[in-house]
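So you can see what is in the structure, the chains are spelled out below.
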Amino acid sequence: MNEDGVATTSSSSNQTADTMDSKEKRKHKVIIVGAGMAGLSSANHLAKNGCTDFLILEGRNRVGGRIVSIDMGPQKIELGANWIHGVLGNPMFELAMQHGLISIINIPKPHKVVAATEDGKQVPFQILQEIYEAYVCFLRRCEEYFLCQYLPPPDIHSVGEHINLEVELYLNGVDCAKEKHLRKLIFDCLLKRETCITGCHSMDEIDLLELGSYTELQGGNIVLPSGYSSILKPLCDNLPKENIILSCPVRRIHWKRKAALRGAGGSAMTASASDTILEEDEDDGNESDDSDRTVTEVPVVGAAGDAQQDERKVSEAAQRIKTSTANVVVECENGAVYEADHVICTLPLGVLKEQAETLFVPALPQYKIESIDSLLFGTVDKIFLEYDRPFLNATISEIMLLWEQQEQQEEQNGEATKEEDSQWLKDNWYKKIYSFSKVSDTLLLGWISGQEAEYMETLSHEIVAERCTEILRQFLKDPFVPKPKRCVCTSWRKQPFSRGSYTAIAVGASQDDIDNIAQPLYSSPHQSKPSVMFAGEHTHANFYSTVHGAYLSGRTAAQILLTPDSPQEIVMESDSSDLSSWIQGIALD
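In short, a report on the structure. Just so it is clear, the structure is predicted and the values come from calculations on it, not from any experiment.

Criteria and cut-off values
- Residues numbered from 1 in each chain as written.
- Predicted model: local features only at pLDDT ≥ 70, side-chain atom pairs only at ≥ 80, totals over all residues.
- Heavy atoms only, no water.
- Helix = DSSP H or I, 4+ residues; strand = E, 2+ residues; numbered from the N terminus.
- Buried < 20%, exposed > 50% of the residue type's maximum accessible area, 1.4 Å probe, protein only.
- Contact = heavy atoms within 4.5 Å.
- Areas by Shrake-Rupley, 256 points an atom, 1.4 Å probe, with all protein chains shown as cover.
- Pairing = 2+ DSSP bridges.
- Axes fitted to C-alpha atoms, helices over the stretch in contact; angles between N-to-C directions.
- Salt bridge = Lys/Arg side-chain N within 4 Å of Asp/Glu carboxyl O.
- Disulfide = S-S within 2.5 Å.
- Left-handed = near helix turned anticlockwise from the far one by under 90°.
- Nonpolar A, V, L, I, M, F, W, Y, C, P; charged D, E, K, R; others polar.
- Core = buried A, V, L, I, M, F, W, Y, C linked by side-chain atoms within 4.5 Å.
- Domains from an automatic or database assignment.
- Phe/Tyr/Trp six-rings, centres within 6.5 Å; stacked < 30°, edge-to-face > 60°.
- Lys NZ or Arg CZ within 6 Å of the ring centre and 35° of its normal.

Now for the overall build of the protein chain. Looking only at helices and strands, the protein chain has 16 helices and 21 strands in total. In the protein chain, which comprises 589 residues, the share counted as buried stands at 53%. Partitioning the intrachain contacts of the protein chain with sequence separation of at least 6 by distance along the chain shows that 79% fall at a separation of at least 24. Summed over all atoms, the accessible surface of the protein chain reaches about 26700 Å², with 52% contributed by carbon and sulfur.

Here it is, written out as structure tokens:
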């Protein structure tokens, strides 16, 4: 998926790193690191408000970040973002409507789900429906802790633990051991599905008290007929081509910071992670989601020459920022250096987890580093199987796979060696695939998450295709299920400019961690506008893990830079008699 999972190339008329020698030292008002949704949203908001003195630096050779499609047979398939999540108050839905990307009279296709056990037996639909309804009820109860004052049972800290407790109580009411076992398999399958929705390895990783912090917009999941990636065109059409530089990963962001703390007796204090910001203003609401600085494979650790060269570059850049009138100096992997008054960093959380400690000079404040470490950035991958002819019953839209549970080694005896773990993954990775659904009559889609997804990324597409064929033959009880003519697997964890899929709140973390990452950095306590701002899905406290979260965070960051320094009267107008949508509009802005 290009940098997102498949080895494909994309051409673009945007500038690349090779063509920018003449602009190496140009100073800009704003530099946006990353051309994912947050970066494009920031740039659009600046451009629409008359600010065109910005530059987007993108590590990949294309725009879009975790939104990317490829052609597969007669259709486009989305390797990243798939759905517009909700309608009311969703800027992505509004954008799609505005540009004619949605058909309102879209008639939903009939959706018939079947669930089968490993021996090929199909579960009666009423049992599937009964368990699904119970499961949704358990999940909703988990979400309530965020809003309510009561506490969960003792020693229950994660969503997985809470749901498994509810499942156990529920199944105690089933007398027949065989019936009980079957229902347990369905619950297990639904929990695997939930890991793909949430973006984690296991629901035991997700904080119970924070599950309700994610705000679900009403209206269900909308699929764009032309694919989610079609939303990139209207965003890019507004941007001058010369303002985007592709294939230009960022090495370091040097931001000016007042050297001495007030009351320090006149002695300059050295920059440390804890004193980077002398005073934090409360301007929240930016976020960081891009994929620009991620090529640290180039310097070889331990090579003395490289280390010296690296040090020299750092001192050159440090010298540059001392003499520069700009607040920020951005140093790229190819040696290019750009100056700016402000930087909007939209690097994904996965990239920040790997590079935050070395990417910023001076270092980020310790509270930011800790929050970056605390949040979860899981891996969710897709497996597309393309066939010459249809073979699945025309009425079936999805087949759920009810795998028998095989506990991982460490869960049985408390300890497992690395070798035992890797052997377990090798033998069982495919059992994390919870279903295959029809994209079309000749195209199936499987989802996989967590450690199993990371393991799958190490396998060839041929091996994955063979394994999927065996699975389908086994569960459909049909030895004649054909082999796919093409298999495409995504590899979000392996991609250097994403390093995973999307953000979730791990046990022990909270919305505060998202707010901490979103906090801007100021060069001095008296600075009216921040030097460094953060945007991306991982910086939106209610819409983390979504494209609309990334979009809104990017727009907010740009708006903070556009707002006049002197306070002005703000007039709020409602163009709708619907009070809830008006209130929601205020909240989103």
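This next bit is on the sheet that holds strand S7 (residues 113-117). In spatial order, the strands read S7-S16-S17-S18-S15-S19; together these six strands make up an open sheet with mixed pairing. Each having just a single partner strand, S7 and strand S19 (486-489) make up the two edges of the open sheet. Across the sheet, the mean angle separating the axes of adjacent strands is 20° when strand polarity is ignored. As paired strands, strand S15 (residues 380-386) and S19 are joined by four bridges and run antiparallel to one another. Across the sheet, the residue bridging to Glu-386 is Arg-486, located in S19.

Overall, the coordinates contain 19 salt bridges when judged by the stated rule. Across the pair Asp-188 and Lys-184 runs a salt bridge whose closest N-O atoms are separated by 2.8 Å. Of this pair, Asp-188 and Lys-184 both sit in helix H5 (residues 177-198), four residues apart, which is roughly one turn of the helix. On the accessibility criterion, Asp-188 (8% relative accessible area) is buried.

The next point concerns the state of the cysteines. Applying the stated rule across the entire model yields zero disulfides. The thiol of Cys-332 is not disulfide-bonded; the next cysteine sulfur, from Cys-248, is found 3.5 Å away.

This part is about the pairing of strand S10 (residues 250-255). Where a strand is regular, its side chains alternate between the two sheet faces. Burial within S10 is extensive, with six of its six residues counted as buried. Relative to strand S13 (residues 360-361), S10 runs parallel, the two being bridged by two bridges. Residue His-254 lies in a different strand from S13, and its bridge partner there is Val-361.

Quick look at the packing of helix H1 (residues 37-48) against helix H15 (residues 547-562) now. Viewed as axis vectors pointing N to C, H1 and H15 meet at an angle of 40°, and their least axial separation amounts to 7 Å. Crossing handedness for the pair H1 and H15: right-handed. Side by side, H1 and H15 meet where Met-37, Ala-38, Ser-41, Ser-42, His-45 and Leu-46 of the first sit next to Val-547, Ala-550, Tyr-551, Ser-553, Gly-554, Arg-555, Ala-557, Ala-558, Gln-559 and Leu-562 of the second. Its residues placed into classes, the contact of H1 with H15 shows nine nonpolar, six polar and one charged.

So, about the side chain of Ser-501. Positionally, Ser-501 belongs in the loop between S19 and strand S20 (502-504). Beyond its immediate stretch of four places on either side in the chain, Ser-501 contacts Arg-66, Phe-377, Gly-378, Thr-379, Val-380 and Trp-492.

Take unusual backbone geometry next. A cis amide bond, omega -5°, links Val-361 with the succeeding residue Pro-362. On the secondary structure map, Pro-362 appears in the loop between S13 and helix H9 (366-374). A positive phi is found at Asp-155, a non-glycine position, where the angle reads about 65°. Mapped onto the elements, Asp-155 comes out in the loop between helix H3 (125-147) and helix H4 (159-171). Of note in this structure, Arg-499 is not a glycine but carries a positive phi near 60°.

Moving on: the nonpolar core. Counting 50 residues, the largest nonpolar core has Val-159, Ile-163, Ile-186, Phe-187, Ile-206, Phe-384 and Leu-402 as the members making the most contacts within it. Among the elements that take part in this core, H3 stands out by supplying nine residues, more than any other. When residues of this core are assigned to domains, at least three map to each of domain 1 (25-68 + 82-101 + 224-258 + 313-378 + 497-564) and domain 2 (103-223 + 380-405 + 428-489). Not counting residues up to four positions away in its chain, the partners in contact with Ile-206 are His-157, Ser-158, Val-159, Thr-198, Cys-200, Leu-211, Leu-376, Ala-504, Ile-505 and Val-507. With 45 residues, the next largest nonpolar core counts Leu-46, Cys-51, Leu-95 and Leu-561 among its residues.

Tallying each qualifying case throughout the model produces eleven aromatic pairs. Centre to centre, the rings of Trp-403 and Phe-475 are 4.8 Å apart; their planes meet at 75°, and the pair counts as edge-to-face. Residue Trp-403 is found in the loop between strand S16 (398-402) and helix H10 (409-413), and its partner Phe-475 is found in helix H13 (residues 461-476); the two are separated by 72 residues along the sequence. Accessibility classification places Trp-403 together with Phe-475 in one group, the buried group. For the pair Trp-429 and Tyr-430, a centre-to-centre distance of 5.9 Å together with 90° between the ring planes defines the contact as edge-to-face. Stacked on the ring of Tyr-430, the Lys or Arg Arg-467 has its end atom at 4.0 Å from the ring centre.

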